[in-house]
Amino acid sequence: MNFRQIVLLVALASAANAFAPNPAIRSGLKLNVASESGEITEESIMKSLNYEPGKAKTEFANKFGHLAGKEVKTVGEAFADFTAELGFSVNALYKNSITDLVGTTHLIVANARFQKDPIWSAGLLLSLDLLLKNYPEKDVGEEIASALFKAIGLDEAEVRAEAKQVSDWAEGKTKADIEAALSGEGDNLIADTARAAKSDEFWMYSRYFGLGLLKMMDIAGLEMEKDEAYPIMEDWMKNKLGKSYLTACSDSDLYFRVKDKLDMMETMMKEIEIREKKRMAERLEAKAEAAIKAAEKEAEAQADTAANVN
């Protein structure tokens, strides 16, 4: 350990006093960062702090302490697994978006607080559909989705089945029906998910849960515009689920911004395709006209030759 690291650890150890919850604990927190030989080492500092990963006397540690020390795949390793599963390069236009998708999804799933639910699954598929619906090769887009599921350790069939359950349930429902379910009323998978979230103080919101709510808005026929969706998302997260709404509303805005950009890109690609087809048709037409003129000239030449012979 270099000198700078030791100084930082000593500073952290000294600062720990300020965060003791009450005076009794503060008075009992006496640090002796030197080892028996009088040397300050990383081991002596950690011993002085009396710190053991996952052993704090808190509800959080009681629930997740058993995960202390567990190896977690890095984002780089997750992307390497994705690339190996896919077996070929992603289209250059989609590379940055796919890289972000893999990294973001891995970090969500790797979090100890993450719990997959049907709304989350519906949101993940909405994100994939939005990103890959116009991928140049349709079958390749499906392979990209499958490689993602394998790289982050999710069962694709299970996720798709849960998303379908959400879509089937939301079909024909009104805004009031969805809000009642999100409040925990009724006997259905949305109400079950809402009750589980409400009862878990460590429940973790992530982007795809918010997108799952947008998916239900869409199926229920609500106005799918950024300014219209924002207050609905705020109400559903804050008043129906009793959770913070800021990140969810931000994710909602991000979805519509990305959707607008992808729609614009789709329009441009279609225009380019139309222009290319028009140019190709013009080239073919010019070739045909040239061939006809050549044939006419050849026929005239043959007629002149025959007349001269006679």
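Right above here is the structure, for reference.
Residues numbered from 1 in each chain as written. Predicted model: local features only at pLDDT ≥ 70, side-chain atom pairs only at ≥ 80, totals over all residues. Heavy atoms only, no water.

Asks: Can you walk me through the overall build of the chain in this structure?
Replies: Helices and strands together make up the secondary structure of the chain, namely 14 helices and zero strands. Going residue by residue from the N terminus, the α and β elements of the chain occur as α-α-α-α-α-α-α-α-α-α-α-α-α-α. The buried share of the chain, taken over its 310 residues, is 34%. Intrachain contacts of the chain at a sequence separation of at least 6 include 64% that bridge at least 24 residues. About 19,300 Å² of surface is accessible on the chain, with carbon and sulfur atoms providing 53% of the total. (Helix = DSSP H or I, 4+ residues; strand = E, 2+ residues; numbered from the N terminus. Buried < 20%, exposed > 50% of the residue type's maximum accessible area, 1.4 Å probe, protein only. Contact = heavy atoms within 4.5 Å. Areas by Shrake-Rupley, 256 points an atom, 1.4 Å probe, with all protein chains shown as cover.)

Asks: Would you mind going over the packing of helix α5 (residues 75-86) against helix α6 (residues 95-110) with me for this structure?
Replies: In a packed pair of helices, the relevant descriptors are the angle between the two axes and the axis-to-axis distance. Between α5 and α6, whose axes approach to 9 Å, the crossing angle comes to 120°. Considering their axes alone, α5 and α6 lie oblique with respect to each other. The crossing of α5 and α6 is right-handed. Residues Val-75, Ala-78, Phe-79 and Phe-82 of α5 form the contact with α6, whose own contacting residues are Ile-98, Thr-99, Val-102, Gly-103, His-106 and Leu-107. Classifying every residue of the contact of α5 with α6 by side-chain character gives seven nonpolar, three polar and no charged. (Axes fitted to C-alpha atoms, helices over the stretch in contact; angles between N-to-C directions. Parallel < 35°, antiparallel > 145°, perpendicular 65-115°, else oblique. Left-handed = near helix turned anticlockwise from the far one by under 90°. Nonpolar A, V, L, I, M, F, W, Y, C, P; charged D, E, K, R; others polar.)

Asks: How should the layout of surface pockets be read in this particular structure?
Replies: Over the atoms a probe the size of a water molecule is rolled, and this reveals where empty space is left. Estimated volume of the second largest pocket: approximately 480 Å³. Along the wall of the second largest pocket there are 19 residues; nearest its centre are Ser-97, Asp-100, Leu-131, Val-258 and Leu-262. In terms of residue count, the dominant contributor to the lining of the second largest pocket is helix α14 (residues 246-309) (seven residues). Here the residues of the lining of the second largest pocket are counted per class, giving 12 nonpolar, three polar and four charged. (1 Å grid on protein atoms, 1.4 Å probe; cavity = no way out; pocket = protein on both sides within 12 Å on 5 of 7 lines; lining within 4 Å. Points joined across faces, edges and corners; volume = space filled by probe spheres on them.)

Asks: Looking at this structure, I do not really get empty space enclosed by the protein. What am I missing?
Replies: Inspection of the entire model under this criterion finds one cavity of 30 Å³ or more. By volume, the largest cavity amounts to about 50 Å³. Along the walls of the largest cavity sit Arg-113, Phe-114, Gln-115, Asp-117, Trp-120, Trp-203, Met-204, Ser-206 and Phe-209, which together make up its complete lining. Of the residues belonging to the lining of the largest cavity, the class tally is five nonpolar, two polar and two charged.

Asks: Any chance you could explain the environment of Lys-73 here in plain terms?
Replies: As for its placement among the helices and strands, Lys-73 is situated in the loop between α4 (59-64) and α5. Judged by relative accessible area, Lys-73 falls into the partly exposed class, the value being 30%. Taking C-alpha positions, Lys-73 is 9.2 Å from Ile-152, a pair spaced 79 residues apart along the chain. One polar contact links Lys-73 to Asp-81, side chain to side chain, over a distance of 2.9 Å. (Polar contact = N/O pair within 3.5 Å; in protein donor to acceptor, adjacent residues only side chain to side chain.)

Asks: Help me out: how do you make sense of the pattern of salt bridges in this one?
Replies: Between side chains of opposite charge, a pair can form as their charged atoms come close. Within this structure, the stated rule accounts for 12 salt bridges. Among the salt bridges present, the one from Arg-160 reaches Glu-156, with a minimum N-O distance of 2.9 Å. Taken together, the residues Arg-160 and Glu-156, both in helix α9 (residues 156-170) and four residues apart, mark about one turn of the helix. Taken together, the shared-partner salt bridges connect Lys-116, Glu-158 and Glu-162 into one network. (Salt bridge = Lys/Arg side-chain N within 4 Å of Asp/Glu carboxyl O.)

Asks: Would you mind showing me how to read the side chain of Ser-252 here?
Replies: With respect to the element layout, Ser-252 can be found in helix α14. Each residue touching Ser-252, except ones within four places of it in the same chain, is listed here: Leu-214, Ala-229 and Met-233.

Asks: Teacher, can you tell me more about the nonpolar core here?
Replies: Across soluble globular proteins, nonpolar side chains have a tendency to be buried as a group. Among the nonpolar cores identified, the biggest contains 67 residues, and Phe-82 and Met-216 are the most heavily contacted of them. A total of 10 residues in this core trace back to one element, the largest contributor, which is helix α7 (residues 118-132). For Phe-82, the contacting residues outside a window of four places in its chain are Val-90, Ile-98, Val-102, Ile-144, Ala-147, Leu-148 and Ala-151. (Core = buried A, V, L, I, M, F, W, Y, C linked by side-chain atoms within 4.5 Å.)

Asks: Help me understand a negative patch on the surface in this model?
Replies: A cluster of acidic side chains, namely Glu-223, Glu-225, Asp-227, Glu-228 and Asp-260, defines a negative patch on the protein surface. Structurally, the position occupied by Asp-260 is in helix α14. (Patch = residues over 30% accessible without salt bridge, like charges linked within 9 Å, V, L, I, M, F, W, Y side chains within 5 Å. Lys, Arg positive; Asp, Glu negative; His and termini not counted. Charge placed at Lys NZ, Arg CZ, Asp CG, Glu CD.)

Asks: Can you walk me through helix α12 (residues 207-219) in this structure?
Replies: An α-helical turn contains 3.6 residues, so a residue and the one three or four places further along point in the same direction. Relative to the 18 Å expected for 13 residues at 1.5 Å per residue, α12 spans 19 Å between its end C-alpha atoms, a close match to the ideal helical length. Counting buried positions over the 13 residues of α12 gives 10, a clear majority of the element. Buried within α12 we find Tyr-208, Phe-209, Gly-210, Leu-211, Gly-212, Leu-213, Leu-214, Met-216, Met-217 and Ile-219. The first or second residue beyond α12 is Gly-221, which carries a positive phi of 85°. (Expected span 1.5 Å × (residues − 1).)

Asks: Help me understand the environment of Ala-61, please; the structure alone is not making it clear to me.
Replies: One can find Ala-61 in helix α4. In this structure Ala-61 comes out as buried when scored by relative accessible area, which is 12%. Those residues in contact with Ala-61, other than ones at most four positions away along the chain, are Gly-54 and Ala-56.

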